[in-house]
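Per-entry structural report
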Amino acid sequence: MPKIAVMTDSNSGIMPGDGKYPDIHVLPMPVIIDEKIYYEGIDISHTDFYRMQSSGANITTSQPSPGDVTSMWKELLRTYDQIVFIPMSSGLSNTCQTAAMLSGDEEFAGRVFVVNNRRISVPQLQSVLDAQILARDGKSGGEIRDILENEALDASIYIAVDTLEYLKKGGRITPAAAAIGTVLRLKPVLTIQGDKLDSFAKARGMKSAFRTMLGAVKEDISSRFSQLKDDELLKVGIANTEMESDKLEMFKEEMKNNFPDMELVYSPLTMSIGTHTGPGALGIGVFRCHRS
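Read on for a plain summary of the structure. (Residues numbered from 1 in each chain as written. Predicted model: local features only at pLDDT ≥ 70, side-chain atom pairs only at ≥ 80, totals over all residues. Heavy atoms only, no water.)

A look at the side chain of Lys 187
Position of Lys 187 among the secondary structure elements: in strand 9 (residues 186-193). With relative accessibility at 13%, the residue Lys 187 sits in the buried group. Within polar-contact distance, the side chain of Lys 187 engages the backbone oxygen of Asp 162 at 2.7 Å. If we skip the residues at most four places from it in the chain, Lys 187 touches Val 161, Asp 162, Ala 201, Lys 202, Ala 203, Gly 205, Met 206 and Ala 209. (Helix = DSSP H or I, 4+ residues; strand = E, 2+ residues; numbered from the N terminus. Buried < 20%, exposed > 50% of the residue type's maximum accessible area, 1.4 Å probe, protein only. Polar contact = N/O pair within 3.5 Å; in protein donor to acceptor, adjacent residues only side chain to side chain. Contact = heavy atoms within 4.5 Å.)

As structure tokens, then:
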């Protein structure tokens, strides 16, 4: 049975050196702030990120450099036989495509397996944990990749945005639409279904947006995920950009009350998402899981 390293990027919500996940190897995602590169979880905290964002800093995201990716692979292959690398969805970043291309190099072929798991945030985190379970069950790197890719679309995410400012900056909505939405207190609800971030609904205020997302998750569970629910292979998740702790706890309690028989997983939304949503954003979702 090969000794397998499970590797991901910080879009999973796991930061480098996170003591809660000591056996997960994390590639920090770069974020460019006023033309300076920072690495999530290394030299910039979420608090500093949102402070700089709120002060008007120019922020963009980038994929890790090929050198950073292969350097981590080379280091891990000194100790492990194989690597399963689970980056963020290929539809949201070029990280996955670049890594897949690099894994074909002679020194990595047959040893590094890049998973296009088509997820981000809490569902991506679950895929990482699933990879560990499958490795303990004796699956090879290639088998783990195939299983996770086959199950990739068994996940659904909804995100409510508290401010329209950063969607306007990113060109996702026009300045006129942002101005009207701000006056009317409209909160866009976005959805990630596999590879794309799309508009889902609009709601008047965050509480209404949360109710909209709850209804969407319940519909997903009762329809396309009903068999997984019956087989107890589903979890629900919640994630956020910077917000008041009491507000976050209220949303967590509402999730527990609405899904009392399901495990709730929490993780902060990463800077890659926060760049486009700004502070105060809330995401909830449902996703397949493996049981150890």
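Thoughts on the sheet that holds strand 9
Overall, mixed pairing links the 6 strands, which are arranged 10-9-8-13-11-12 in an open sheet. Strands at the two margins of the open sheet, each flanked by one partner only, are strand 10 (196-204) and strand 12 (264-266). Going across the sheet, the axis of each strand differs from the next one's by a mean of 20°, ignoring polarity. Across the sheet, helix 8 (residues 206-222) touches strand 8 (155-160), strand 9, strand 10, strand 11 (234-240) and strand 13 (282-288), and the angle it forms with strand 13 is around 5°. (Pairing = 2+ DSSP bridges. Axes fitted to C-alpha atoms, helices over the stretch in contact; angles between N-to-C directions.)

Thoughts on the side chain of Glu 151
Looking at where Glu 151 falls in the secondary structure, it is placed in the loop between helix 5 (141-150) and strand 8. Among the residues examined, Glu 151 registers a relative accessible area of 12% and is labelled buried. The contacts of Glu 151, once residues within four sequence positions are left out, are Arg 119, Arg 288 and His 290.

Quick look at unusual backbone geometry
Excluding glycine, a negative phi dihedral is what most residues carry, and trans is how most peptide bonds are arranged. Here the phi dihedral of Asp 34 falls at roughly 50°; this positive angle occurs in a residue that is not glycine. Looking at the element boundaries, Asp 34 is found in the loop between strand 3 (30-33) and strand 4 (36-39). A positive phi angle is found at Ser 121, which is not glycine, with a value near 65°. Residue placement: Ser 121 occurs in the loop between strand 7 (112-114) and helix 4 (122-136). Given a relative accessible area of 4%, Ser 121 falls into the buried group.

Describing helix 10 (residues 245-258)
With 14 residues, helix 10 should cover 20 Å at 1.5 Å per step; its first-to-last C-alpha distance of 20 Å lies within 8% of that length. For helix 10, the set of buried residues is Leu 248, Phe 251, Lys 252 and Met 255. The buried residues of helix 10 occupy an angular sector of 100° when projected down its axis, which confines them to one face. When the buried face of helix 10 is taken as reference, the exposed residues oriented beyond 90 degrees from it are Asp 246 and Asn 257. (Expected span 1.5 Å × (residues − 1). Arc of directions from axis to C-beta.)

What about the sheet that holds strand 7?
Ordered by their spatial adjacency, 4 strands build an open sheet running 2-1-6-7, and the pairing between neighbours is parallel. Each of the sheet's edge strands pairs with one partner strand only, and the pair in question is strand 2 (24-27) and strand 7. Direction aside, neighbouring strands of the sheet carry axes that sit 25° apart on average. Bridge analysis of strand 1 (residues 4-9) against strand 2 gives 4 bridges, and the strand direction is parallel. Of the residues in strand 2, the one forming a bridge with Val 6 is Ile 24.

A few points about the packing of aromatic side chains
Using the criterion set out here, one finds 5 aromatic pairs in the structure. Relative to Phe 85, the ring of Trp 73 has its centre 6.2 Å away and its plane inclined at 75°; by these criteria the two rings are edge-to-face. Residue Trp 73 is located in helix 2 (residues 66-76), and its partner Phe 85 is located in strand 6 (residues 82-86); the two are separated by 12 residues in the primary sequence. With relative accessibility at 0%, the residue Trp 73 sits in the buried group. Classification of Phe 85 by relative accessible area gives buried; the value is 0%. Ring geometry for Phe 210 and Phe 251: centres 4.8 Å apart, planes at 50°, overall tilted. You can see Phe 210 sitting in helix 8 and its partner Phe 251 sitting in helix 10, a full 41 residues away along the chain. Assessed through its relative accessible area of 4%, Phe 210 is described here as buried. Judged by its relative accessible area of 3%, Phe 251 is buried. Of the aromatic side chains, those joined through ring pairs into one cluster are Trp 73, Phe 85 and Phe 108. A cation over a ring is seen here: Lys 3 above Tyr 80, with NZ or CZ 5.1 Å from the ring centre. (Phe/Tyr/Trp six-rings, centres within 6.5 Å; stacked < 30°, edge-to-face > 60°. Lys NZ or Arg CZ within 6 Å of the ring centre and 35° of its normal.)

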